Amino acid sequence: MTAIALYYDEEKNPGGFAPVGVPLRDLTDDDLAEMPKHIKASAEAAPFFRKTKPAAKTKADAPAADATQKAEAK
Amino acid sequence: MEKAFEIAAGAIESTRGTAVTPPTIVFPFNATLTPMEEEYIPDESRGTLHGEYRGALTRRWTEWEGEGGADAQVAPFLFAMWAKGGVTPTTPGGATLSRLWEYVDLGTADNLKTATFYWKDPTDGDIFRAPFSYIEELTLTSDSTSNSGVTWSASGQGNALSLVTVPVLPAQLIGSILLPMKKTVYLDLQSGTIGTTQLAEVAKVEHAMTNNISPKFFDNANLTYTRIGRGKRVMKATFTMEYDETIYNYTQGTSPTLMGLRTRYTGDLIEGALYEYIEADVYGRIKFEGWEDIFDTNRGMKLSITSRVKSSLGSGWRLATQNTQTTI
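Asks: Would you take a moment to explain the overall build of chain A for this structure?
Replies: Helix and strand counts for chain A come out as three helices and four strands. Ordered by position in the sequence, the α and β elements of chain A form the string β-β-β-α-α-β-α. Considering only intrachain contacts with a sequence separation of at least 6, the fraction spanning at least 24 residues in chain A is 61%. For chain A, the accessible area works out to roughly 5,200 Å², and carbon and sulfur atoms hold 53% of it.

Structure, rendered in C-alpha cells:
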C-alpha cells in the first residue's frame with residue numbers, strides 16, 4: 001500500500017459533501033495518480049483534506065462511556 | 001467529450017458580467033450551455049444567382065438550461081438568481097448547523113444576482129464558461145401520480161461562450177431527495193393565517209415564475225450584451241387535487257376569493273427537529289382551471305393562484321429554504 005498523500009478530516013466536513021470523483025477518506029499517492037488533473041486539484045483545494053494527519057482527540061473529547069467505565073472499574 | 005463526465009458549475013458574480021473563477025458550486029443536475037449568434041447577410045445585387053457573398057456577426061450570447069431533482073442545499077444559489085438577491089440566512093432556534101433563507105421581494109429594486117456558469121466534460125483540460133448568466137424562468141414541480149421526485153427546471157441566457165482552463169472545482173453540494181408525497185400543502189383565506197389549513201389530497205403542484213429579463217446589446221467588441229433590464233413578473237402556483245366542494249366554491253361567484261397557498265417540500269433531518277426543506281407561498285385569487293383525472297378513477301380539479309401583492313407582505317409570494325448553507 002502506498003503512502004497517504006492527503007488525510008481526510010471529517011470534522012471539517014459536517015455536511016459530508018464530496019468534490020466530484022473524490023472519495024471521503026484518506027487518499028494515497030496511488031489515488032491521486034489515478035485522478036484526472038481537475039479532480040486532483042479539487043481534492044487538494046478542499047478544506048477537509050490535509051497533508052498532515054489530524055490531531056488525535058484529547059481527553060476532554062473522550063466519550064462519556066469512559067467515565068462510566070472508570071466508575072464500574074472501582 | 002463524454003456525457004458521463006460532464007459537470008455544471010457556477011459562481012455568483014459580485015459585479016454583473018465580471019466572470020468569477022473558480023466556481024463555488026458544482027450542480028448535481030443536468031445542464032447545457034449552447035453558443036448562439038445572429039448574423040447580418042446583406043441583400044446585394046451582384047449580378048449572379050448566388051445568394052450570399054459576405055456577412056458579419058451582429059451579436060453573440062449563450063442559451064443555457066438545466067433540470068434535475070430539486071435540492072434544498074442548492075436552492076440558495078438559484079433563488080438568488082431567480083427570486084431575490086442579497087439574502088443572508090438566519091439561524092433557527094436550537095440550530096447549530098441549520099440555516100433558514102427567506103425571500104420576499106418588494107419589487108422596488110433590481111437585486112437579482114447573475115452568475116458565471118461552467119459546463120463540459122473537463123477531462124481534456126478545458127471547460128465552457130458563460131459569464132453574466134441569468135435565470136429567465138424556473139419551474140418547481142411535484143407529481144404524486146408519477147414515480148418522480150420533486151424536480152426543477154430552469155433556463156436563461158449568458159454572455160458569449162468561451163473555453164477556459166478547468167478551474168479548481170469545489171465539493172458538490174447534494175441535499176436530500178425531495179419527494180412529492182412528503183410535501184405539506186396548506187390553503188387559507190388571505191384574511192387568515194397562511195399555513196393553517198392543510199389539504200390532504202393534493203396530487204400535483206407546480207410553481208413557475210418568468211423574470212422577463214431583457215439583455216441589452218450595447219456597443220461591445222465581443223458582440224455580447226453588457227446590461228440586462230427587468231420587466232414585471234408574477235409567480236403562478238398550479239395544483240391538482242381531489243374534488244372538494246368548499247374549495248371549488250371559492251373559485252366561483254362574482255368576486256374573486258383571495259387565498260394563500262403554502263407548499264413545503266421536506267427532506268432529511270438536519271438536527272433536532274429541523275429538516276431540509278423548500279417552501280413556496282403564493283397569494284392571490286384562486287381560479288378553476290379544469291377537471292382532471294387522478295389515479296385513474298378519481299375526478300380531480302386543477303386550480304391556480306397567480307401572485308397578487310398582499311399589502312402586509314409587500315409581495316404576492318414568498319420562498320424559503322432550510323439547509324446547512326451559510327453562504328453562496
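Asks: Please clarify how the overall build of chain B should be interpreted in this entry.
Replies: Per the secondary structure count, chain B includes two helices and 20 strands. Residues counted as buried form 48% of the 328 residues belonging to chain B. Contacts in chain B between residues far apart in sequence, at least 24 positions, make up 72% of those at least 6 positions apart. For chain B, the exposed area adds up to about 15,800 Å²; of that, 48% sits on carbon and sulfur atoms. Chain B carries 29 positive and 38 negative side-chain charges, and their two centres are separated by 7 Å.

Asks: Explain the packing of aromatic side chains here, please?
Replies: Geometry of an aromatic ring pair is reported as the spacing of the ring centres plus the angle between the planes. Residues and elements named next belong to chain B. All chains considered together, the criterion is met by 21 aromatic pairs over all chains. Ring geometry for Phe-288 versus Trp-291: centroids 4.8 Å apart, planes at 70°, classification edge-to-face. What makes Phe-288 partly exposed here is its relative accessible area of 23%. Residue placement shows Arg-46 over the ring face of Tyr-53; its charged tip is 4.4 Å from the ring centre. The ring of Tyr-277 carries Arg-264 above its face, with NZ or CZ at 3.7 Å from the centroid.

Asks: Any chance you could explain the pattern of salt bridges here in plain terms?
Replies: Working definition: two side chains of opposite charge can pair if their charged atoms are close together. One pass over the full model with this rule turns up 20 salt bridges over all chains. Of the charged contacts in the structure, one is a salt bridge between Arg25(A) and Asp31(A), with a shortest N-O distance of 2.7 Å. Residue class for Asp31(A) comes out buried when judged on its relative accessible area of 15%. In this structure, the salt-bridge partner of Arg318(B) is Glu279(B), at a minimum N-O distance of 2.8 Å. Here the residue Arg318(B) occupies a position in strand 20 (residues 317–323), and Glu279(B) occupies one in strand 18 (residues 274–294), the gap between them amounting to 39 residues. By relative accessible area, Arg318(B) is classed as buried at 10%. The class for Glu279(B) is buried, based on a relative accessible area of 2%. Because the salt bridges share partners, they merge into one network encompassing Glu102(B), Arg262(B), Arg264(B), Glu279(B), Asp281(B) and Arg318(B).

Asks: Just checking my understanding: could you explain the environment of Asp126(B) for this structure?
Replies: All names here are of chain B. Locating Asp-126 in the fold gives a position in strand 7 (residues 126–143). Setting aside residues up to four positions removed in sequence, Asp-126 forms contacts with Lys-120, Asp-121, Leu-163, Val-164, Thr-165 and Val-166. In terms of polar contacts, Asp-126 uses its side chain to reach the side chain of Lys-120, at 2.8 Å.

Asks: Please clarify how the interface of chain A and chain B should be interpreted in this entry.
Replies: Quite often, the size of an interface is put as the accessible area lost when its parts meet. Contacts between the two partners involve 11 residues from chain A and, on the opposite side, 16 residues from chain B. In total, about 950 Å² of surface goes out of reach between chain A and chain B, with carbon and sulfur atoms giving 75% of it. By the criterion of area lost to chain B, the three top residues of chain A are Phe17(A), Val20(A) and His38(A), representing 61% of everything that side buries. Inspection of the region where chain A meets chain B yields zero salt bridges.

Asks: Teacher, can you tell me more about the pairing of strand 7 of chain B here?
Replies: The side chains of a regular strand alternate, residue by residue, between the two faces of the sheet. All names here are of chain B. Buried residues dominate strand 7, accounting for 14 of its 18 residues. In terms of strand pairing, strand 6 (residues 115–120) meets strand 7 through four bridges, oriented antiparallel. Along strand 7, the bridge assignment pairs Tyr-118 with Arg-129. Relative to strand 8 (residues 151–158), strand 7 runs antiparallel, the two being bridged by seven bridges. Across the sheet, the residue bridging to Tyr-134 is Gln-157, located in strand 8. In this structure, strand 7 lies alongside strand 13 (residues 202–210), joined through seven bridges in antiparallel fashion. Looking across to strand 13, one finds that Leu-140 is bridged to His-207.

Asks: What is the right way to read the nonpolar core from this model?
Replies: Within the largest apolar cluster, 59 residues are counted, with the highest numbers of intra-cluster contacts made by Trp152(B) and Phe239(B). The greatest single-element share of this core, amounting to seven residues, is contributed by helix 1 (residues 75–82) of chain B. In terms of nonpolar packing, the next biggest core, distinct from the first, is built from 12 residues, Leu6(A), Tyr8(A), Leu27(A) and Ile39(A) among them.

Asks: Which parts of the structure should I look at to understand unusual backbone geometry?
Replies: Note: most residues except glycine have negative phi, and most peptide bonds are trans. All names here are of chain B. The omega torsion across Thr-21 and Pro-22 is 0°, close enough to zero to call that bond cis. Relative to the assigned elements, Pro-22 resides in the loop between strand 1 (7–12) and strand 2 (25–27). A positive phi angle is found at Asn-212, which is not glycine, with a value near 55°. Assignment of secondary structure puts Asn-212 in the loop between strand 13 and strand 14 (213–216).

Procedures and definitions
- Along each chain, residue indices are assigned from 1 in the same order as the chain's sequence is written.
- As a convention, the first chain written is A and the first ligand written is 1, with the rest following in written order.
- Since the coordinates come from a predicted model, pLDDT governs what is reported: local features require at least 70, and pairs of side-chain atoms require 80 or more to be given and counted, while whole-chain, interface and lining totals use all residues.
- In computing side-chain properties, one takes all heavy atoms of the structure into account and sets aside hydrogens as well as water.
- Helical segments are the DSSP runs of H or I of at least four residues, strand segments are the runs of E of at least two, and each set is numbered from the N terminus.
- Throughout, a contact is declared for two residues whenever any of their heavy atoms are within 4.5 Å.
- Using the Shrake-Rupley algorithm and a 1.4 Å probe, accessible areas are obtained, with residue cover drawn only from the displayed protein chains.
- Burial here depends on accessible area, computed with a 1.4 Å probe over protein chains only, as a share of the maximum for the residue type. Under 20% is buried, over 50% is exposed, and the range in between is partly exposed.
- Working convention for charge: Lys and Arg count positive, Asp and Glu count negative, and His plus the chain ends are omitted.
- For charged residues, the charge sits on one atom: NZ in Lys, CZ in Arg, CG in Asp, CD in Glu.
- Pairing of aromatic rings covers Phe, Tyr and Trp, the last through its six-membered ring, and needs centres within 6.5 Å; plane angles under 30 degrees mean stacked, over 60 mean edge-to-face, and all others mean tilted.
- Counted as over-ring charges are cases with an Arg CZ or a Lys NZ within 6 Å of the ring centre that also lie within 35 degrees of the ring normal.
- By definition here, a salt bridge exists when the distance from a side-chain nitrogen of Lys or Arg to a carboxyl oxygen of Asp or Glu is within 4 Å.
- Polar contacts, as counted here, are pairs of nitrogen or oxygen atoms within 3.5 Å of one another; within protein the pair requires one atom able to donate a hydrogen and one able to accept it, and residues that are adjacent in sequence qualify only if both atoms are side-chain atoms.
- The term buried area means the drop in 1.4 Å probe accessible area that two parts suffer when joined, counted for both and summed.
- Strands are labelled as partners when DSSP assigns at least two bridges between them.
- We define the nonpolar core as a collection of buried residues of types Ala, Val, Leu, Ile, Met, Phe, Trp, Tyr and Cys that are connected through side-chain atoms lying within 4.5 Å of one another.

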